[in-house]
Amino acid sequence: MSDSVKYLLDESKLPQAWYNINADMPVAPQPVLHPGTMEPVTPDFLSVLFPMSLIMQEMSPERYIEIPEPVREIYKLWRPTPMFRARRLEQALDTPAHIYYKYEGASPVGSHKPNTSVAQAFYNKEAGTQALTTETGAGQWGSALAMACNFFDLDLEVYMVKVSYQQKPYRRMVMHTYGADVYASPSDRTEYGRAVLAENPNSPGSLGMAISEAVEVAATSGGTKKYSLGSVLNHVLLHQTVIGLEALEQMEMAGEYPDIIIGCAGGGSNFAGFAFPFLRENFTNGLNTKVIAAEPSSCPTLTRGEYVFDFGDTAAMAPVVKMYTLGHTFIPPSIHAGGLRYHGMSPIVSALVENGDVEARAVHQLETFEAAVQFARAEGIVPAPETAHAIRVAIDEALKCKESGEKKVIAFNLSGHGHFDMAAYEAYFNDELEDYEYPEEDIAEAMTQLPEVSVQ
Ligand SMILES: *Cc1c(COP(=O)(O)O)cnc(C)c1O
């Protein structure tokens with residue numbers, strides 16, 4: 001075991017291929033259904049939204065998929081990312097556990113998201129796409145895609161949830177800096193947006209609504225515009241596996257192997273990107289690492305949602321997939337400051353939770369910010385509020401070790417820094433945040449809106 005604080009890989013160690021967990025899944029994937037007919041979709045239907053190369057990745061059974069050289073060249077701007085041993089946090093907690101974290105905040109936009117935005121922009125450019133459309137909440141995904149579209153000379157239309165557009169201007173400005181067009185959603189640019197505004201001119205918007213607008217623009221563009229999603233889909237999770245593949249090498253440099261792997265889960269992409277290569281070792285090499293997905297109690301998709309077929313978006317235009325969901329009509333409570341607001345969850349991550357390969361844990365808002373502040377004071381990095389859910393679980397696990405005297409090795413993914421999220425920290429310091437348990441009645445009500453499907 002080494003006594004280093006950080007483990008750095010040379011550029012030559014940047015992975016050559018992404019890891020596709022489909023090849024090792026302990027359960028068969030469920031079909032993706034057409035939102036109108038509820039029959040399994042054809043590649044033709046998906047090709048309205050995505051280039052064929054990404055559709056093939058979505059369905060591929062191959063264990064490894066080569067990373068194109070132009071994508072690797074751009075990855076090199078920040079990859080391989082560092083892995084740290086959180087020695088000062090261990091000391092502060094007085095725990096015998098060893099805590100490691102992979103730092104994805106090292107990317108130009110400060111999160112893991114460019115790992116897939118760069119790949120998606122590349123494949124779209126290659127397929128002759130002229131422009132991409134997408135949605136964004138607080139703007140992490142929008143800024144990651146804006147950077148990537150700029151590198152590959154693609155136009156970009158971002159539909160940004162209206163409250164965030166108004167209240168979180170900085171990432172919007174980052175998107176403008178990269179050359180993207182950003183619209184507050186619901187907007188008057190789409191039929192769906194106009195319908196929402198007619199009913200409620202003051203609608204604050206939601207991620208599901210913004211997805212519906214971005215999908216509509218691509219679907220009605222006559223093929224010139226395609227749609228891009230920053231999480232949930234299999235190909236997005238695939239692109240994120242560079243995180244875990246590097247981390248495996250870095251753990252080897254450290255001379256240890258994790259007993260516990262932790263990531264925060266919104267749509268599931270950073271969690272999957274970090275955890276799947278370690279799950280590969282569980283599935284193919286008989287290892288038994290515990291893998292935990294952390295989510296907010298106010299948006300408890302995995303811990304309190306149901307594993308059923310549901311629409312990917314609010315307007316019921318996106319494909320129907322089997323996943324843990326709070327219902328596509330879910331609107332997150334306004335008191336919730338920590339991100340991770342999507343109503344559903346990646347179908348692969350959902351299947352792994354259902355099958356018992358991944359454990360899900362919900363954490364409350366106040367204890368999450370408490371963990372974020374404790375981490376910042378010990379390690380110096382101010383984490384994104386999303387990431388803080390993973391940090392909360394890591395600290396809880398380290399404190400359990402303190403009690404039991406066990407010397408477990410705990411590794412989590414630090415999905416991004418929180419430099420654009422300081423208003424949420426300020427709200428925490430001003431005692432303006434509270435814990436919120438999503439009401440059972442609201443979940444039950446949303447479950448009455450699920451699509452009727454014959455497969456289950
Ligand atoms: C977007 C984001 C998340 C949540 O998305 P996943 O797809 O679940 O990873 C988590 N952390 C950060 C920093 C993000 O930007």
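Keep in mind that what you see is a predicted model, and the values were worked out from it rather than measured.

Draft legend 1. Representation of helix α6 (residues 140-151) within the structure. A rise of 1.5 Å per residue sets the reference length of α6, with its 12 residues, at 16 Å; its end C-alpha atoms lie 17 Å apart and thus fit the reference within 8%. Within α6, 10 of the 12 residues are buried, which leaves it mostly tucked inside the rest of the structure. The set of residues buried in α6 consists of Q140, W141, G142, S143, A144, L145, A146, M147, A148 and C149. Against the buried residues of α6 lie α5 (114-126), β6 (131-136), β7 (155-161), α8 (169-178) and α17 (385-404).

Draft legend 2. Summary view of the sheet that holds strand β5 (residues 98-103). Strand order in the open sheet made by the seven strands is β1-β4-β5-β15-β10-β11-β14, with mixed pairing throughout. Each of the sheet's edge strands pairs with one partner strand only, and the pair in question is β1 (6-7) and β14 (359-363). Inspection of the sheet shows strand β10 (residues 260-264) paired to strand β15 (residues 409-414) by three bridges, in the parallel sense. Note that in β15 the partner of I261 across the bridge is A411. The sheet strands contacting helix α12 (residues 242-254) are β1, β4 (83-85), β5 and β15, and the helix crosses β5 at an angle near 140 degrees.

Draft legend 3. Up close: the site of the ligand. The full set close to the ligand counts 17 residues, and K113, S231, G266, S269 and S415 are the nearest of them. In this structure, an oxygen atom belonging to the ligand sits 3.5 Å away from a side-chain N or O atom of Q140. Within the backbone of G268, one N or O atom sits 2.9 Å away from an oxygen atom of the ligand. When the free accessible area of the ligand is taken as 380 Å², the share hidden by the protein chains comes to 93%. When grouped by side-chain class, the residues that make up the shell around the ligand number four nonpolar, 11 polar and two charged.

Draft legend 4. Spotlight on the pattern of salt bridges. Under the defined criterion, the tally for this structure stands at 20 salt bridges. Between E73 and K76 there is a salt bridge, with the nearest N and O atoms lying 3.1 Å from each other. Residue class for K76 comes out partly exposed when judged on its relative accessible area of 24%. The closest approach of N and O atoms between R171 and D421, which form a salt bridge, is 3.5 Å. Highlighted residues: R171 in helix α8 and D421 in the loop between β15 and α18 (422-429), separated in sequence by 250 residues. Take R171 and D421: they sit in the same class, and that class is buried.

Draft legend 5. Representation of the sheet that holds β7 within the structure. Reading across the sheet, the four strands line up as β8-β7-β6-β9 and stay open at both edges, with parallel pairing between neighbours. Since the sheet does not close on itself, it has two edges, and those belong to β8 (181-185) and β9 (225-227), each with one partner. For this sheet, the mean inter-axis angle between neighbouring strands, taken without regard to orientation, is 25 degrees. When β7 meets β8, the two strands line up parallel, connected through five bridges. The residue bridging Y159 from the neighbouring strand is Y183, located in β8. Against the sheet, helix α10 (residues 207-219) makes contact with β6, β7, β8 and β9, and its axis sits at roughly 170 degrees relative to β6, the strand it touches most.

Quick notes on the rules
- Residues numbered from 1 in each chain as written.
- Predicted model: local features only at pLDDT ≥ 70, side-chain atom pairs only at ≥ 80, totals over all residues.
- Heavy atoms only, no water.
- Helix = DSSP H or I, 4+ residues; strand = E, 2+ residues; numbered from the N terminus.
- Expected span 1.5 Å × (residues − 1).
- Buried < 20%, exposed > 50% of the residue type's maximum accessible area, 1.4 Å probe, protein only.
- Contact = heavy atoms within 4.5 Å.
- Pairing = 2+ DSSP bridges.
- Axes fitted to C-alpha atoms, helices over the stretch in contact; angles between N-to-C directions.
- Near = heavy atom within 4 Å.
- Polar contact = N/O pair within 3.5 Å; in protein donor to acceptor, adjacent residues only side chain to side chain.
- Areas by Shrake-Rupley, 256 points an atom, 1.4 Å probe, with all protein chains shown as cover.
- Nonpolar A, V, L, I, M, F, W, Y, C, P; charged D, E, K, R; others polar.
- Salt bridge = Lys/Arg side-chain N within 4 Å of Asp/Glu carboxyl O.

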